[in-house]
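Architecture at a glance
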Amino acid sequence: MTHKEYKEKMERGIAQVRAGQAITKTMKELERMAEDEMRVAQLQLPDPADADPHPRLLLEGRGIHAGEGFTALFPDGWHDITLEVSWEPTGPGCWYISTPGFKDVCPVGLFVKV
């Protein structure tokens, strides 16, 4: 194994450890919320029967609207975010977080306060 290959392998390993730590931290936060009886729900994919090219994401069975704000759980804690819809692409991928610093995060699957 060359030095470059070794360095790349170590960097991948460190990234995986950091990701694991973030998941553990998030799970601890979810457990603490359960103890505090804080209500949270997960943003979910649209109903498959929704034929709209820009289908609404679901939160507790309700379709959400563009411009709605949520307090979402991220690995470093809770953050207020706003969800928007772009014209392209179509389908669930049209949803994005317009809040600065979160534009590259997919909102599907996030846990939010309800």
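For the structure, check the block above.
Below or above, wherever it landed, is the structure these notes cover. Computed from a predicted structure; not experimentally measured. Per-chain numbering applies: the sequence of each chain, read as written, is numbered from 1 onward. In keeping with the model being predicted, local features are shown solely for residues with a pLDDT of at least 70 and side-chain atom pairs are shown and tallied solely at 80 or more, while totals for entire chains, interfaces and linings include all residues. To obtain the side-chain values, all non-hydrogen atoms of the structure were included, while hydrogens and water were left out.

Focus on the overall build of the protein chain
As a reminder, the rule being used: Each helix is a run of DSSP H or I of at least 4 residues and each strand a run of E of at least 2, with the numbering of both proceeding from the N terminus. Throughout, exposure labels follow a simple rule: accessible area from a 1.4 Å probe, protein chains only, divided by the maximum for the residue type, with under 20% read as buried, over 50% as exposed, and the rest as partly exposed. Residues count as neighbours in contact if any of their non-hydrogen atoms are within 4.5 Å of one another. Each accessible area is a Shrake-Rupley result for a 1.4 Å probe, and residues are judged covered by the shown protein chains and nothing else.
Regarding its fold elements, the protein chain presents one helix and seven strands. Ordered by position from the N terminus, the helices and strands of the protein chain form the series α-β-β-β-β-β-β-β. Across the 114 residues that make up the protein chain, the buried fraction comes to 28%. Taking the intrachain contacts of the protein chain between residues at least 6 apart in sequence as the baseline, contacts between residues at least 24 apart amount to 49%. Summing over all exposed atoms, the protein chain offers an accessible surface of approximately 7,700 Å²; the carbon and sulfur share of this is 55%.

Brief notes about the pairing of strand β5 (residues 77–85)
Formally: Any two strands between which DSSP finds at least two bridges are classified as paired.
As judged from the six bridges shared by strand β4 (residues 69–74) and β5, these two strands associate in the antiparallel manner. Across the sheet, the residue bridging to Phe70 is Ile81, located in β5. Following β4, the chain reverses through two residues before pairing antiparallel with β5. By the bridge criterion, three bridges tie β5 to strand β6 (residues 95–97) in an arrangement that is antiparallel. Bridging from a neighbouring strand, Leu83 pairs with Ile97 of β6.

Considerations on the pattern of salt bridges
Stated precisely, the cut-off is as follows: Any carboxyl oxygen of Asp or Glu within 4 Å of a side-chain nitrogen of Lys or Arg constitutes a salt bridge here.
Considering all chains together, one arrives at two salt bridges under this definition. With its nearest N and O atoms 2.4 Å apart, the salt bridge here joins Arg39 to Glu60. A residue pair is termed long-range when its members are at least 10 positions apart, and Arg39 in the loop between α1 (3–36) and β1 (40–42) and Glu60 in the loop between β2 (58–59) and β3 (62–63) qualify at 21 residues. A salt bridge links Glu68 to Arg62; the nearest nitrogen and oxygen atoms lie 3.3 Å apart. Judged by relative accessible area, which is 40%, Arg62 ranks as partly exposed.

Examining the side chain of His54
By the element assignment, His54 lies in the loop between β1 and β2. Those residues in contact with His54, other than ones at most four positions away along the chain, are Val85, Ser86, Trp87, Pro89, Thr90 and Cys94.

Remarks on the packing of aromatic side chains
Short version of the rule: When the centres of two rings from Phe, Tyr and Trp lie within 6.5 Å, Trp using its six-membered ring, the rings pair. Their planes under 30 degrees apart give stacked, over 60 give edge-to-face, and anything left gives tilted.
Under the definition given, this model contains one aromatic pair. Aromatic pair Phe74 and Phe102: ring centres 4.5 Å apart, planes at 40°, arrangement tilted. Here Phe74 is found in strand β4, whereas its partner Phe102 is found in the loop between β6 and β7 (111–113), with 28 residues between them in sequence. This pair shows no difference in class: Phe74 is buried, exactly as Phe102 is.

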